[in-house]
Amino acid sequence: EQILERHLFRPYFEYVEAVGFVLFRDLDTEWAGVNVWETLAEMRDLKIILLDRRNRMAQLLSLKKSLLDHVWYVGRDDKRWRQQINLSISRDELVDFIDRDLANRAEFLERFDRHAIFPIEYDDLLTKPASTHAKLLAFLGVSSARLQPGTGKKETSLISSTVDNNDQLRSELKGTLYERYL
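The text that follows walks through the structure, step by step, so that each part is easy to find. (Residues numbered from 1 in each chain as written. Predicted model: local features only at pLDDT ≥ 70, side-chain atom pairs only at ≥ 80, totals over all residues. Heavy atoms only, no water.)

### Thoughts on the packing of aromatic side chains
Per the counting criterion, the structure on display carries four aromatic pairs. Centre to centre, the rings of Trp-37 and Phe-108 are 5.4 Å apart; their planes meet at 90°, and the pair counts as edge-to-face. Taken together, the residues Trp-37 in helix 2 (residues 36-41) and Phe-108 in helix 4 (residues 91-111) connect sequence positions 71 residues apart. With a centroid separation of 5.2 Å and 25° between ring planes, the pair formed by Phe-118 and Phe-139 is classed as stacked. Of the two residues, Phe-118 sits in strand 4 (residues 116-121) while Phe-139 sits in helix 6 (residues 129-140), which places them 21 residues apart along the sequence. A network of ring pairs unites the aromatic residues Trp-37, Phe-108 and Phe-112 as a single cluster. The side chain of Lys-47 reaches across the aromatic face of Phe-139, ending 5.6 Å from its centre. (Phe/Tyr/Trp six-rings, centres within 6.5 Å; stacked < 30°, edge-to-face > 60°. Helix = DSSP H or I, 4+ residues; strand = E, 2+ residues; numbered from the N terminus. Lys NZ or Arg CZ within 6 Å of the ring centre and 35° of its normal.)

Structure follows, in structure tokens:
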């Protein structure tokens, strides 16, 4: 709680209507040896923005590339050249990733079932930013504002040009419950 008090719930200017932070629901479980999820779950007035990706293969690809190049975020105007990284993903690895992600999401929703949760699709932020921002501001109950992203899109290559066995994976998962996550 000290970390939250020191870094999040510190005094702000009077015009600040909402304060937020990012946690990866599958990675960030402890801060200074304290279970951050249990601490947050006890905060009844906490509003949660749950950002998801429809395309779990793109999510896995982004994770694998970040583990290789150690670049997790890029600035909105970052135009630095990055080496093209091509990967193969096995069917079992992808299915396991999707299963774990869906189970983690369900566990998260259960833990925070008494909180206001606003789900946002990553893809909607990119394709419909104005309407997504308007819904987000309404959810937070804050004044209308022009939101500007501070980060940019790191992965700009198409999956088909980055995953060597993309066609094979799509073929193997066609007609399964996993197809909708590709």
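Now that the structure is up, let's keep going.
### Overview of a nonpolar patch on the surface
A surface patch of nonpolar side chains, amounting to about 550 Å² of accessible area, comprises Val-22, Phe-24, Leu-67, Trp-72 and Tyr-73. Mapped onto the fold, Trp-72 is located in the loop between helix 3 (56-69) and helix 4. By relative accessible area, which is 44% here, Trp-72 ends up partly exposed. (Patch = residues over 30% accessible without salt bridge, like charges linked within 9 Å, V, L, I, M, F, W, Y side chains within 5 Å. Areas by Shrake-Rupley, 256 points an atom, 1.4 Å probe, with all protein chains shown as cover. Salt bridge = Lys/Arg side-chain N within 4 Å of Asp/Glu carboxyl O. Buried < 20%, exposed > 50% of the residue type's maximum accessible area, 1.4 Å probe, protein only.)

### Here's the deal with the side chain of Asn-166
Its place among the elements puts Asn-166 in helix 8 (residues 166-173). Not counting the four nearest positions on each side in its chain, Asn-166 is found in contact with Met-57, Ile-159 and Ser-160. (Contact = heavy atoms within 4.5 Å.)

### Overview of helix 8
Residues of helix 8 that are buried include every one of Asn-166, Leu-169 and Leu-173, and no others. The arc enclosing the buried residues of helix 8, seen along the axis, measures out at 65°, which places them on a common side. Residues of helix 8 that are exposed and point over 90 degrees away from its buried face: Asp-167 and Ser-171. Each element contacted by the buried residues of helix 8 is listed here: helix 3, helix 4 and helix 7 (159-162). Immediately beyond the C-terminal end of helix 8, within one or two residues, lies Gly-175, with a positive phi of roughly 85°. (Arc of directions from axis to C-beta.)

### A short note on the pairing of strand 3 (residues 47-52)
Residues Ile-48, Leu-50 and Asp-52 of strand 3 are buried on one face, while the alternating residues Lys-47, Ile-49 and Leu-51, pointing to the opposite face, are not. Inspection of the sheet shows strand 3 paired to strand 4 by six bridges, in the parallel sense. Across the sheet, the residue bridging to Asp-52 is Glu-121, located in strand 4. (Pairing = 2+ DSSP bridges.)

### Quick look at the packing of helix 4 against helix 8
Interhelical geometry of helix 4 versus helix 8 gives an angle of 65° and a closest axis separation of 10 Å. Helix-helix and strand crossings are classified by hand; for helix 4 and helix 8 the assignment is right-handed. In this structure, helix 4 contributes Arg-91, Leu-94 and Val-95 to the contact, and helix 8 contributes Leu-169, Glu-172 and Leu-173. Of the residues contributing to the contact of helix 4 with helix 8, the split by class is four nonpolar, no polar and two charged. (Axes fitted to C-alpha atoms, helices over the stretch in contact; angles between N-to-C directions. Left-handed = near helix turned anticlockwise from the far one by under 90°. Nonpolar A, V, L, I, M, F, W, Y, C, P; charged D, E, K, R; others polar.)

### Focus on the nonpolar core
Across soluble globular proteins, you tend to see nonpolar side chains buried next to one another. With 18 residues, the main nonpolar core has Met-57, Ile-89, Leu-94, Ile-159, Val-163, Leu-169 and Leu-173 as its most contacted residues. If you list the elements that add at least two residues to this core, you get helix 3, helix 4 and helix 8. Those residues within four positions of Ile-89 in sequence are excluded, and the remaining contacts are Met-57, Leu-60, Lys-64, Leu-94, Val-163, Asn-165 and Leu-169. In terms of nonpolar packing, the next biggest core, distinct from the first, is built from 11 residues, Leu-23, Leu-46, Ile-48 and Phe-108 among them. (Core = buried A, V, L, I, M, F, W, Y, C linked by side-chain atoms within 4.5 Å.)

### Overview of the pattern of salt bridges
Applying the stated rule across the entire model yields 13 salt bridges. A salt bridge links Arg-111 to Glu-107; the shortest N-O distance between them is 3.9 Å. Here Arg-111 and its partner Glu-107 are both found in helix 4, four residues apart, which amounts to about one turn of the helix. Classification of Arg-111 by relative accessible area gives partly exposed; the value is 27%. Its salt-bridge partner being Lys-174, residue Glu-179 comes within 3.9 Å of it at the nearest N-O pair.

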